[in-house]
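The primary structure of each chain is shown beneath.
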Amino acid sequence: MFWVYLTEFVLAVVLVAWQYAWPTWLRLDGQPPDLAVVLLVTVGLTRGPLEGAWSGLSTGLMVGSLGRLPLGGLFVSHIGAGTALGLLGGRIFPNQVFVAMLVTATTVIAMNLVELLFLPPPVFVRWLTGTLAQAILSGLVAAPLFAGLRALFSYLPPPAES
Amino acid sequence: MLLDARRRTGLSPLLFLVTLAMVLTMWQHLAGDSKRVSLPEYVCQMLGYPVMSVVTRVNEALHDTALSVFRAQSLAAENRRLRQKCKQLENETILLTEHFRENKAFREKLGLELDQEVKDIPARVIGRAPDSQRCRITIQALESRELSKGDIVREAGGLVGRVIEVMNGNAAQVLLIVDAQHGLGARDQRSRVVGIVRPVQHWRGGWPDRLQMEKLRRRADILTGDVIITSGEDGIYPRSIPVGVVEAVATSPAYAHTVVATIRPFVDFERLDYVWVVPTP
């Protein structure tokens, strides 16, 4: 299982770095897509809560390290989201791209709400419009990424808890 | 790995992850108290920056290729216009160099302190804060010189911001002058009126694209079209770095006896690719 966790950590490094370097001309209302959430949704829905939580820890650490942000709030939102999505995995349709898009958009909004408690924004309305734009863009980007990541995960051994 | 951890620690894997998260958070706090970066964060930065650098290069290549394909005609026209502008600027540079030498000679004769000449460090923008709340960029020096906290960052057009954190020698976080927490001392280049420049907050997404100069008396001599430069009186920025141009002047909504000037920055913060880092003495 070591290679599974290592693969998920490497994906977290690549996707979070990609998110930070997302080109300005491809942003929606100044916002890049939340690629960390796309990874959480894919891992959570297809691999279960434990690997979801591990991906939450990895993405939270990467987002905090590259953005020099306090880790506490990021861990709460990312590990929480990864675990919750893993628990949801058996109840909703984990293999449907459209479901992944909807879940990604919803998760972005939920996680931004949690992070709002830890890091209040200077202008609330801007936070609101930014969150909505990010949710829409993340949902759109989730379609190809989810399909690609799901194909990649099919080569990995099945999750330990199953 | 996690199951092994459970066997060793006697904790469930999820509890182990939560404990690990708490340890990492405390490590960050302890390192932050001594103004350092914790080891796990440092490792993550060392892993993340090369990926950010590669992604930025690929983005630039794709963008340039797309531009050259779809806008070939307008690019040719722009090229002609810029060549003409370049010639004009070369002439102006010769004139300015003459004035600079004259000024230097006068300052020497008057016994005034001379500005130290420092070599700027070119840097590439490799990352942007992924939200509109924090106006920060991550830069990586293109030379093997080390960046320092407090270094000034500028673009050909004007002032960009200052380095607030050096990550690993040649990469750093830059606080932009359009960040909500930022303020700087500025001067009207024509009338020499001084004031404080802050960003104008708006409700739209994206970073603010306008600044405002505050603390100006009602009869302050400031006009639309005036160029605003740094005053050097804030102790942070050196004087005479261009900031922007005055777009409008209005009575302050808070104090009737003061006016506020709206400034359009010379720098397009959404399209920063390369910057210059001016080392602080």
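All figures in this text were calculated on a predicted structure; none of them were measured in a lab.

1. Considerations on the overall build of chain B
Point 1. When you go through chain B residue by residue, the secondary structure sums to 4 helices and 12 strands.
Point 2. Looking at chain B residue by residue over its 281 residues, the buried ones come to 40%.
Point 3. Put simply, 54% of the contacts in chain B that link residues at least 6 apart link residues at least 24 apart.
Point 4. Carbon and sulfur atoms provide 56% of the accessible area of chain B, an area that totals close to 16400 Å².

2. Some points on the sheet that holds strand 5 (residues 171-176) of chain B
Residues and elements named next belong to chain B.
Point 1. Strands sit in the order 1-2-5-4-3-12 around a closed barrel of 6 strands; the barrel is antiparallel. For this sheet, the mean angle separating the axes of adjacent strands, direction not counted, is 45 degrees.
Point 2. The pairing of strand 3 (residues 152-154) with strand 12 (residues 274-278) spans 3 bridges and is antiparallel. Directly across from V153, in strand 12, lies its bridge partner V277.
Point 3. Strands in contact with helix 3 (residues 39-70) are strand 1 (121-128), strand 2 (136-141), strand 5 and strand 12; relative to strand 1, the strand with the most contacts, it is inclined by about 95 degrees.

3. A few points about the interface of chain A and chain B
Accessible area lost upon the coming together of the parts serves often as the stated size of an interface.
Point 1. The interface of chain A with chain B comprises 47 residues on the first partner and 47 residues on the second.
Point 2. Here chain A and chain B share an interface that buries about 4100 Å² over both sides, 67% of which is from carbon and sulfur atoms.
Point 3. Of all residues in chain A, Y20, R68 and R126 of chain A give up the largest surface area on contact with chain B, accounting jointly for 20% of the area buried on that side.
Point 4. Across the contact surface, chain A and chain B share 2 salt bridges.
Point 5. A salt bridge links R68 of chain A to E165 of chain B; the shortest N-O distance between them is 2.5 Å.

4. Remarks on unusual backbone geometry
Residue and element names in this part refer to chain A.
Point 1. If you check the backbone angles, D29 has positive phi at about 55 degrees while not being a glycine.
Point 2. Within the secondary structure layout, D29 lies in the loop between helix 1 (2-20) and helix 2 (35-47).
Point 3. The class for D29 is partly exposed, based on a relative accessible area of 36%.
Point 4. Here the phi dihedral of R68 falls at roughly 50 degrees; this positive angle occurs in a residue that is not glycine.
Point 5. Structurally, R68 is set in the loop between helix 3 (49-67) and helix 4 (71-88).

5. What about the side chain of R68 of chain A?
Point 1. Note on R68 of chain A: relative accessible area 17%, which makes it buried.
Point 2. Engagement of the side chain of R68 of chain A in a polar contact is seen with the side chain of E41 of chain B, the distance being 2.6 Å.
Point 3. Leaving out residues up to four positions away in the same chain, R68 of chain A has contacts with Q28, R36, V37, E41, Q45, E165, M167 and Q173 of chain B.

What counts as what
- Residues numbered from 1 in each chain as written.
- Chains lettered and ligands numbered in written order.
- Predicted model: local features only at pLDDT ≥ 70, side-chain atom pairs only at ≥ 80, totals over all residues.
- Heavy atoms only, no water.
- Helix = DSSP H or I, 4+ residues; strand = E, 2+ residues; numbered from the N terminus.
- Buried < 20%, exposed > 50% of the residue type's maximum accessible area, 1.4 Å probe, protein only.
- Contact = heavy atoms within 4.5 Å.
- Areas by Shrake-Rupley, 256 points an atom, 1.4 Å probe, with all protein chains shown as cover.
- Pairing = 2+ DSSP bridges.
- Axes fitted to C-alpha atoms, helices over the stretch in contact; angles between N-to-C directions.
- Buried area = accessible area lost by both parts, 1.4 Å probe.
- Salt bridge = Lys/Arg side-chain N within 4 Å of Asp/Glu carboxyl O.
- Polar contact = N/O pair within 3.5 Å; in protein donor to acceptor, adjacent residues only side chain to side chain.

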